[in-house]
Amino acid sequence: MTARHSRKGTLKDPPMGSNTHASPHEFAAGFATLPARLTFTADIERNPADPTGTRHLAATATLLDLLDEAGARGTFFILGEVADAAPGLVRGIAARGHEVASHNHSHQALEALGPARLREEAHRARCTLQDLSGQPVPGFRAPYFSLTPATEWAADTLLEVGHSYSSSVLPARALLHGHPTAPRRPFAWAGGLLELPAPVTRLGPMGLAILGGMYLRYLPGWDLRRLTRRLEGPLAWTYCHPYDIDTAEPFHRCPKLGLLSSFFLWANRGTTARRLRQLLQGRVSIPLAERMEEAWGMAREPAPEPQTKPGDGPASGTAQPSGTTRSARIASGR
């Protein structure tokens, strides 16, 4: 048993395997259908509407305290830009027992970067994060979940710079970025990069990543509980940003957004921390890097061909990957 240090004192990790088979009454009401293992993840980036550029520091500390209270450990996908400006933040996250992973250097969608710039930025961010954390950095999450049919080239680039897994795919049609033909379960790209897609709930032709972000903030409680019962994806994880819990931040218009969108980004933050506590209650949260054996086992399991519904196919002119069949073949050959 190892000691883990926090700003609030010293906490001890639970014994190996504790709560792995938690009974339903230990879970928060309405969330008993979620898996007993549910990894907390966070994307550590600045709020683009914050004129100080520093509010994410205190908000991240609040997230760390929340995890200490829940006896949970998670994965923090950190921007290289944030690490450069606040190296102590990265060291503090690692010192409190969490995985440090990469959110790339700058917060730009993959299609805006291209292969050469992604290679440069991903390598730079990974080296910075490894140096500061003193731990390997196998994980990567693309900003905006922007690994789509048009940016599948990124998987090989991430392998080249040393990443072994990605958590960058929203496996459904979505408002911004989505990969409708991607498997819902962990799978391997052609070069061998392991992908851990976002757990989604289907709502009509769309897929909603309901375990984080705006969904935790805006979905009514009864609706969130109902939608979690239809969650697709055997390896479940939550996600959030520091600003999702920053209830004290004054309203500022985001330079790249209109007034209504800026208000939407700012409002209703008081629900996030409460719902994260409910999701974690009675569950084991360990970093994604510690779930690799489990994830590879899921990737190697035979799975039925995805049933593509009308409106779910890729955009015209986009090459369609062979989905689960290709992924299972690659994984089984490792």
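Residues numbered from 1 in each chain as written. Predicted model: local features only at pLDDT ≥ 70, side-chain atom pairs only at ≥ 80, totals over all residues. Heavy atoms only, no water.

Asker: Explain the packing of helix 3 (residues 87-95) against helix 4 (residues 110-133) residue by residue, including any values.
Answerer: Where helix 3 meets helix 4, the axes come as close as 8 Å, and the angle between the chain directions of the two elements is 60°. By the angle class used here, helix 3 and helix 4 are oblique. The chirality of how helix 3 crosses helix 4 is right-handed. On the side of helix 3, the interface is formed by Pro87, Val90, Arg91 and Ala94, while helix 4 contributes Leu129, Leu132 and Ser133. Grouping the amino acids of the contact of helix 3 with helix 4 by side-chain chemistry returns 5 nonpolar, 1 polar and 1 charged. (Axes fitted to C-alpha atoms, helices over the stretch in contact; angles between N-to-C directions. Helix = DSSP H or I, 4+ residues; strand = E, 2+ residues; numbered from the N terminus. Parallel < 35°, antiparallel > 145°, perpendicular 65-115°, else oblique. Left-handed = near helix turned anticlockwise from the far one by under 90°. Contact = heavy atoms within 4.5 Å. Nonpolar A, V, L, I, M, F, W, Y, C, P; charged D, E, K, R; others polar.)

Asker: So what about the pattern of salt bridges? Which residues, and what values?
Answerer: One pass over the structure, following the stated rule, counts 17 salt bridges. In this structure, a network of salt bridges that share partners links the residues Arg37, Arg291 and Glu294. (Salt bridge = Lys/Arg side-chain N within 4 Å of Asp/Glu carboxyl O.)

Asker: Describe the packing of aromatic side chains, with residues and values.
Answerer: For the coordinates displayed, the defined rule picks out 9 aromatic pairs. Taking the centre distance of 4.4 Å and the plane angle of 15° together, the rings of Tyr218 and Phe264 count as stacked. With Tyr218 in helix 6 (residues 213-218) and Phe264 in helix 8 (residues 259-266), this residue pair connects regions lying 46 residues apart in the sequence. Accessibility expressed as a relative area gives 41% for Phe264, which makes it partly exposed. (Phe/Tyr/Trp six-rings, centres within 6.5 Å; stacked < 30°, edge-to-face > 60°. Buried < 20%, exposed > 50% of the residue type's maximum accessible area, 1.4 Å probe, protein only.)

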